[in-house]
Number of protein chains: 2
Amino acid sequence: MLSMTLEDYLESIFLLGRGRNPVRITDVAKKLKVKKSTVVNAIRKLQQEGFVIHERYGDILLTQKGIEMASRVYERHLAIFSFLVEILGVPEEIANKEACGIEHYIGEETAKTLSLFIEFSRLCPQLQKIIYEDFRKYKNSGTIPDICSEEGKKMLKLTQLKVGQKAIVKKIDCDRSIKSRLLTMGIVPGVEIQVEKVAPLGDPIDILVRGYHLSLRREEAQCIEVEEA
Amino acid sequence: MLSMTLEDYLESIFLLGRGRNPVRITDVAKKLKVKKSTVVNAIRKLQQEGFVIHERYGDILLTQKGIEMASRVYERHLAIFSFLVEILGVPEEIANKEACGIEHYIGEETAKTLSLFIEFSRLCPQLQKIIYEDFRKYKNSGTIPDICSEEGKKMLKLTQLKVGQKAIVKKIDCDRSIKSRLLTMGIVPGVEIQVEKVAPLGDPIDILVRGYHLSLRREEAQCIEVEEA
DNA sequence: CTTGACTGTTCGATTAATCTAACATAAAAT
DNA sequence: ATTTTATGTTAGATTAATCGAACAGTCAAG
Ligand SMILES: [Mn+2]
Ligand SMILES: [Mn+2]
Ligand SMILES: [Mn+2]
Ligand SMILES: [Mn+2]
């Protein structure tokens, strides 16, 4: 419907105009860091589509249609911003910039669900506790908190598993290039694997991941930590 | 550095080429649903920047630089996709499309944190339980699960509060336009409010939210459910 | 070898978004 | 009331991304 940039113009006008402030071309130009001529151009398009009213040299006014569209965009912005700040702990300034990019790419349904998720997290002290204590700890130190490990299960390297044994991947500890390779093969924390075949000397090791057969070098298997299933 | 569309070309080449398949212009055109001439154009730019090697009428090959860039993009795609599917419960096809839009707007730091969050959620059965049971219930029926309410606190309408009393907003139950207005004023579930002044007949009600003074009509206050602080 | 049938390339045109520079109007200061 | 300053508009140019149509190359079947 509207291009991403036009959505941003609408959003800016909406935010600048809260509290009934008159919004002028210059305000929008400053806010979006573009030249005034660029704004004039954008406003012309928005006017043609019925989102704003603007007389030469006058204030920019949102129509009903404009307000609806703008608040829909801004709600998304806010939901994404809140998620980034409250759940992930991204600094506000960065979160704001990223939210304003992302907002144009999520659909009605996703936006609604994300808003609900934020609301839910604010309402649920238990969830908050896990996020603010356990997740932050995991993020900062890589420590897997106690509440995550089930009782009586041993942590092993993938190389220590026997043929036929099933396990859950818990941690991958190696450099970016290997990690990235493992990732594209679907080997990520939380996934269940099964050892299919081990060659003499333990290289390569054939495993089953989500129904796919994969062959890992010993070097790769060595850095995958698993928990017996 | 690279435009959003060029990142997508790189990502496509990377995915089409996994397992050492040769990638041709036609494959990319089909995957991204553009014309072959458009692909030729894009590949030329990617070649100039040293991301791919392509001889006329030949296969498209990623350089080392290209592989690094492409996998960085794809990792983001995967992290966002996983979040949408596993946490929010968005259908896979939609999640895939949205992830491919969003991936270009999140920074290194955010991407890493999001990946960690997904990992963490897969590792932590307690978090999974809250998301899969309590959040889904909240999402589908609006029911605030038991684990979220603290003992011995009463739920009230905002209109039932007395001057000076503090409370936490728990739920907003009204139509989009009012909800949107309340939202832009910072009244969202989880936020703390305090009643400042109530006019005769209870309209308007002045409240304090995050340090700001707001004046609400009775109609608006009526649909805000709160819990005594 | 010749000849289709794909596959790939070139060229020119279009659209959205932006800029600069020159010009026009409105508001404020003198 | 005139001049100055700030604000807004226009016109023309540029860049990225796309397309369609015409042209060119590859390769396997006959
Ligand atoms: Mn935006
Ligand atoms: Mn925004
Ligand atoms: Mn993409
Ligand atoms: Mn993608």
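Every residue gets a number counted from 1 within its own chain, in the order that chain's sequence is written. Just so you know, chain letters begin at A and ligand numbers begin at 1, following the order they were written in. With pLDDT at 70 or above as the cut-off, local features in this predicted model cover only qualifying residues; side-chain atom pairs require 80 or more to be listed or tallied, and sums for whole chains, interfaces and linings still use all residues. Hydrogens and water are ignored here; the side-chain numbers use all heavy atoms of the structure.

1. Some details on the packing of aromatic side chains
How two aromatic rings sit relative to each other is given by the distance of their centres and the angle of their planes.
At step 1: Within 6.5 Å between ring centres, the rings of Phe, Tyr and Trp (the latter by its six-membered ring) count as paired, and their orientation is classed by plane angle as stacked under 30 degrees, edge-to-face over 60, tilted in between. Evaluated as defined, the whole model comprises twelve aromatic pairs over all chains.
At step 2: Centroid distance A:Tyr138 to B:Phe120: 5.5 Å. Interplanar angle 40 degrees. Geometry classified as tilted. You can see A:Tyr138 sitting in helix 7 (residues 125–141) and its partner B:Phe120 sitting in helix 6 (residues 108–123), one on each of two chains.
At step 3: Throughout, exposure labels follow a simple rule: accessible area from a 1.4 Å probe, protein chains only, divided by the maximum for the residue type, with under 20% read as buried, over 50% as exposed, and the rest as partly exposed. Judged by relative accessible area, which is 1%, B:Phe120 ranks as buried.
At step 4: The structure contains a cluster of three or more aromatic residues connected by ring pairs, namely A:Phe83, A:Phe117, A:Phe120, A:Phe135, A:Tyr138, B:Phe83, B:Phe117, B:Phe120, B:Phe135 and B:Tyr138.
At step 5: Criterion for a charge above a ring: Arg CZ or Lys NZ at most 6 Å from the ring centre, at most 35 degrees from the ring normal. Above the face of the B:Phe51 ring, B:Lys65 is positioned so that its terminal group lies 4.6 Å from the ring centre. Secondary structure elements are defined from DSSP: runs of H or I of at least 4 residues count as helices, runs of E of at least 2 residues count as strands, and each element is numbered from the N terminus.

2. Overview of the coordination of the manganese ion (ligand 2)
Residues and elements named next belong to chain A.
At step 1: As a rule, N, O and S atoms within 2.8 Å of a metal are its donors, except that Na, K and Ca use 3.2 Å; water is not among the atoms, so sites may look incomplete. Each protein donor to the manganese ion (ligand 2) is listed here as Glu 11 (OE), Glu 11 (OE), His 77 (ND1), Cys 100 (SG), Glu 103 (OE) and Glu 103 (OE); together their distances run 2.2 to 2.5 Å.
At step 2: Bound by six donor atoms, the manganese ion (ligand 2) shows angles of 54 to 145 degrees at the metal and therefore irregular coordination geometry.
At step 3: Counting along the primary sequence, the residues that act as donors to the manganese ion (ligand 2) give the motif E-x65-H-x22-C-x2-E.
At step 4: Between the manganese ion (ligand 2) and the manganese ion (ligand 1) the interatomic distance amounts to 3.6 Å, and Cys 100 serves as a bridging ligand to the pair.
At step 5: Classification of Glu 103 by relative accessible area gives buried; the value is 1%. Just to be clear on the cut-offs, tetrahedral is four donors with all angles between 85 and 135 degrees, square planar is four donors and octahedral six with opposite donors over 155 degrees apart and all others between 65 and 115, and anything else goes down as irregular.

3. Section: the domain arrangement of chain A
At step 1: Residue ranges labeled as domains rest on an automatic or database domain assignment. On domain assignment, one finds that chain A holds domain 1 (1–123) and domain 2 (156–228).
At step 2: Look at where the C-alpha atoms of domain 1 of chain A and domain 2 of chain A centre, and you get two points 46 Å apart.

4. Concerning the relation of the copies chain A and chain B
At step 1: Residues below a pLDDT of 70 in either copy are left out; the C-alpha atoms of the rest, at least 70 in both, set the least-squares superposition of the copies. In the superposition of chain A on chain B (RMSD 0.1 Å, axial shift 0.0 Å), the rotation amounts to 180 degrees. What we have between these two chains is a two-fold relation. Minimal C-alpha distance to the rotation axis in chain A is attained by A:Ile102, lying at 2.6 Å.
At step 2: The residues that chain A uses at the interface reappear at the interface of chain B in 100% of cases, marking a shared surface. Note on contacts: a residue pair qualifies if any of its non-hydrogen atoms lie within 4.5 Å across the two residues.

5. Things to note about the sheet that holds strand 8 (residues 224–228) of chain B
Residue and element names in this part refer to chain B.
At step 1: If you trace the six strands from one edge of the open sheet to the other, you get 3-8-4-5-6-7, paired in antiparallel fashion. Strand pairing shows two members of the sheet lacking a second neighbour, strand 3 (155–157) and strand 7 (212–216), which therefore form its edges. Each strand axis lies, on average, 45 degrees off the axis of its neighbour in the sheet, ignoring direction.
At step 2: If DSSP finds at least two bridges between two strands, the strands pair. Looking at chain direction, strand 5 (residues 192–198) and strand 6 (residues 205–209) are connected through five bridges and run antiparallel. Paired with Lys 197 across the two strands is Asp 206, which belongs to strand 6. Axis angles are defined between N-to-C directions and span 0 to 180 degrees, where every axis is a line fitted to C-alpha atoms and, for a helix, only to the segment in contact.

6. Some remarks on the pattern of salt bridges
At step 1: The rule for a salt bridge is simple: a side-chain nitrogen of Lys or Arg has to be within 4 Å of a carboxyl oxygen of Asp or Glu. Considering all chains together, one arrives at ten salt bridges over all chains under this definition.
At step 2: Between A:Glu86 and A:Arg122 there is a salt bridge, with the nearest N and O atoms lying 2.7 Å from each other. Linking A:Glu86 in helix 4 (residues 64–88) with A:Arg122 in helix 6 (residues 108–123), this pair joins segments that are 36 residues apart in sequence.
At step 3: Linking B:Glu108 and B:Arg76 is a salt bridge whose minimum nitrogen-to-oxygen distance equals 3.1 Å. In this pair, B:Glu108 is assigned in helix 6 and B:Arg76 in helix 4 (residues 64–88), connecting sequence segments 32 residues apart.

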